[in-house]
Each structure stands twice: as structure tokens, then as C-alpha cells.
Amino acid sequence: MSGTLYIVATPIGNLADLSARARAVLQRADLIAVEDTRHSGRLLQEIGTRAALLSCHEHNEAQRTEVILSRVQQGDTVALISDAGTPLISDPGFVLVREAHRRGLKVVPVPGPSALIAALSCAGLATDRFVFEGFLPAKAGARQRRLAELASETRTLVFYEAPHRILACLADLCDSFGTARDATLARELTKTYETLVHGTLQSLHDLLQRDENQQKGEIVLVVAGTARREQALDAAAEHTLRILLEDLPLKQAASLAARLTGLKKNLLYDVALGWQSGKV
Ligand code: SAM
């Protein structure tokens, strides 16, 4: 009889968020695969598990997959946890779970905290449809290209970002999505310095520039999708309109952009007005 591979969510800051079921699974597991044995040590000590620990991180996941799944095949109960939150969400585990399915093994989720859902649930932005983008590319050029691709996305967008890149990320977002787009910065969720700030991309950028403390800690950025009328502009038309707006009054820029792009003047005027009304 094969055993089971449990994918167990753990707290993202507040240890009280560990579910009773997660605790029970971790207590009775034969083996727990963890990203970092030292990091998870505190939590597992508090739980009082008898399980052996095995490190499984992005650099050794392929090799650990064999070890972990052979234990499951022998009938053991194995749990996978990450440093925080739900494994596989911007964390290791995909290679392991995919291979477990390929071998016909039982994979069971033990759901719980994830910064993505925690941030989305209190961002005050549409949640009926959303896209999770995880971490944007670290290099400016690649990040800007990715954001240009996402500028016409109508669903709410969720990003994870590192503290040392958040300001540059917000500046790039202002350039690609327009300064007026609504967004929420969710910082240090469930921890002592938990902060939620809602505003336009520009106002969030300015706040973080003024107050470096707001750049610290763990951050999720939730950004509203584009309004449909803005989506009517393709990237080239939007680029044209933005350039004209740098040197011309709104009405003239919209009129000239209409001649250059073949789009309706009113549409271009409305979109430009939307951008400008959000400027701080
Ligand atoms: N697996 C985790 C999850 O389910 O949320 C995410 C792991 S990812 C490597 C770490 C990133 O998640 C952080 O850089 C940050 O963007 C976000 N994050 C994790 N904990 C957070 C918290 N307490 N508050 C805000 N963001 C958090």
C-alpha cells in the first residue's frame, strides 16, 4: 500500500494561523520535506513532531523528488511545507507533485495561509477574476517588457515583490499602466507591522519614496485591471498618446493621436483624461 504526500500550508507570519489539520498531519508524518531545516525548526519544534526532516529547495528538488516519492511508495506519510504559506505558490514543490501524479501516488492538500489570497481578500479590488504574476523579473529591462505585456490585462493583478525592488517596480508600473491605476500595497501581513495602503500607483510610489519604512518587510502588490475603454487601445496607440501628452494639451494630443492611429478622438480623450485625473 502506498502512503500519501500531503502539501501543507503553514503561517505567513502569525503562528496561530496554523490549522488544526495541518498540525495533526505534521505531528503524525513520517517525513517532512522543508525548504530550510533551520527556518522550519521553530514551527516544527512548537508542534512537537516525531518526523525526520529533509531539505527540499529549488536547487535540489529534482534529486529530492526521488527520495521523497520512494518513501511514499513504501507506505510512508510525507508532508511538504515551505518557509511560509502554501508550497508551490512561488515556492518549490511543482516537480515533486507532478512526478507524484505521474506515479499514481496520492497527493492531498492541507490548505491554509497564502500571502496571495490574504492580500487579495483585503485589497478592496475586484476579486471575481484575478491573475497571479508572482515575482516580476529582477532586471529593469525584462520587468518593463513584462509590464508592457500586462498593461491591457482587465483582471486584478497580484505581484510578490522584494523590499529593495518595490520602488523601482512601482515606478515601472506607473510608466506601463499609467499613474492613475488603483492599487493596494499589503505589507507584513499577519505580523506586528501589518500595513495595508490603498491608492493610485503614483500615490503609492510617492508614499514609499517619502517613507522608506514602507518599503520594508514582505510585500504583496495588488493592482486593478485596466478599464475596458483603455483596453480598446493597443500598445502602439497607447504609446503614441502618451508621447503626445508629454508635449501637448489633452485635447490636441487626443486629436493628433486620432489622426495617427485611426481611433476615435473621444475614446482617446477619455482614456487620456482618466490617466491625467489620477496624476498626483
Ligand atoms: N508560498 C508563499 C505564499 O503562499 O504566499 C509565498 C512564498 S514567496 C517565496 C515569498 C513572498 O511572498 C514574499 O517575498 C512576499 O512577496 C510574499 N509574502 C510572504 N509572506 C508575506 C506576508 N506576511 N506579508 C506580505 N507578503 C508576504
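Residues numbered from 1 in each chain as written. Predicted model: local features only at pLDDT ≥ 70, side-chain atom pairs only at ≥ 80, totals over all residues. Heavy atoms only, no water.

### Here we look at the sheet that holds strand E4 (residues 77–80)
Then, number 1: Pairing is parallel in the open sheet, where five strands are placed in the order E3-E2-E4-E1-E5. Pairing within the sheet leaves two strands with one partner each, and these edge strands are strand E3 (52–55) and strand E5 (106–110). The mean inter-strand angle of the sheet, taken between neighbouring strand axes irrespective of direction, is 25°.
Then, number 2: Against the sheet, helix H2 (residues 37–47) contacts strand E2 (31–34) and E3, and its axis sits at roughly 130° relative to E2. (Pairing = 2+ DSSP bridges. Helix = DSSP H or I, 4+ residues; strand = E, 2+ residues; numbered from the N terminus. Axes fitted to C-alpha atoms, helices over the stretch in contact; angles between N-to-C directions. Contact = heavy atoms within 4.5 Å.)

### Brief notes about the sheet that holds strand E10 (residues 219–223)
Then, number 1: If you trace the five strands from one edge of the open sheet to the other, you get E6-E7-E10-E8-E9, paired in mixed fashion. Of all the strands in the sheet, just strand E6 (130–135) and strand E9 (195–200) have a single pairing partner and so form its edges. For this sheet, the mean inter-axis angle between neighbouring strands, taken without regard to orientation, is 15°.
Then, number 2: In this structure, strand E8 (residues 182–187) lies alongside E10, joined through five bridges in antiparallel fashion.

### As for the domain arrangement of the chain
Then, number 1: Domain boundaries assigned for the chain yield domain 1 (4–113), domain 2 (116–223) and domain 3 (235–277).
Then, number 2: Taking only C-alpha atoms, the centre of domain 1 and the centre of domain 2 are 29 Å apart.
Then, number 3: At the interface, six residues of domain 1 touch 10 residues of domain 2.
Then, number 4: Summing both sides of the interface, domain 1 and domain 2 together bury roughly 510 Å²; the carbon and sulfur share of this comes to 63%.
Then, number 5: Per-residue buried area on domain 1 facing domain 2 is highest for Ile-12, Ile-89 and Ser-90; these three make up 74% of the total on that side.
Then, number 6: At the surface where domain 1 touches domain 2, the tally comes to zero salt bridges.
Then, number 7: Inspection of the region where domain 1 meets domain 2 yields one residue pair in polar contact (both at pLDDT 80 or more). (Domains from an automatic or database assignment. Buried area = accessible area lost by both parts, 1.4 Å probe. Salt bridge = Lys/Arg side-chain N within 4 Å of Asp/Glu carboxyl O. Polar contact = N/O pair within 3.5 Å; in protein donor to acceptor, adjacent residues only side chain to side chain.)

### Observations concerning the site of the ligand
Then, number 1: Surrounding the ligand, one finds 19 residues, the nearest of these being Asp-91, Ser-114, Ala-115, Tyr-160 and Ile-219.
Then, number 2: Note that a nitrogen atom of the ligand is positioned 2.9 Å from one of the backbone N or O atoms of Ile-12.
Then, number 3: Glu-218 places a polar side-chain atom, nitrogen or oxygen, 3.3 Å from a nitrogen atom of the ligand.
Then, number 4: A majority-of-atoms criterion places the ligand in the largest pocket.
Then, number 5: For the shell around the ligand, the secondary structure elements donating two or more residues are strand E7 (156–161) and E10.
Then, number 6: Looking at side-chain class alone, the shell around the ligand contains 10 nonpolar, four polar and five charged residues.
Then, number 7: Taken together, domain 1 (4–113) and domain 2 (116–223) each give at least three residues to the shell around the ligand, which thus spans both. (Near = heavy atom within 4 Å. 1 Å grid on protein atoms, 1.4 Å probe; cavity = no way out; pocket = protein on both sides within 12 Å on 5 of 7 lines; lining within 4 Å. Sits in = over half its atoms within 2 Å of the grid points. Nonpolar A, V, L, I, M, F, W, Y, C, P; charged D, E, K, R; others polar.)

### Some remarks on the environment of Gly-274
Then, number 1: Relative to the assigned elements, Gly-274 resides in helix H12 (residues 265–277).
Then, number 2: Looking at Gly-274, the relative accessible area reads 16%, which means it is buried.
Then, number 3: Residues Gly-274 and Arg-181 lie 93 residues apart in sequence; the distance between their C-alpha atoms is 9.1 Å. (Buried < 20%, exposed > 50% of the residue type's maximum accessible area, 1.4 Å probe, protein only.)

### Some thoughts on the pattern of salt bridges
Then, number 1: Applying the stated rule across the entire model yields 14 salt bridges.
Then, number 2: Here Lys-191 makes a salt bridge to Glu-218, at a shortest N to O gap of 2.8 Å. Here Glu-218 lies in the loop between helix H8 (201–210) and E10 and Lys-191 lies in the loop between E8 and E9, a separation of 27 residues in the sequence.
Then, number 3: Accessibility expressed as a relative area gives 48% for Glu-218, which makes it partly exposed.
Then, number 4: Of the charged contacts, one joins Glu-238 and Arg-242 as a salt bridge, the two residues approaching to 3.0 Å between their closest N and O atoms. With Glu-238 and Arg-242 both in helix H10 (residues 235–247), this residue pair falls four residues apart, about one helical turn.
Then, number 5: Each of Glu-66, Glu-99, Arg-102 and Arg-103 takes part in a single network of salt bridges with overlapping partners.

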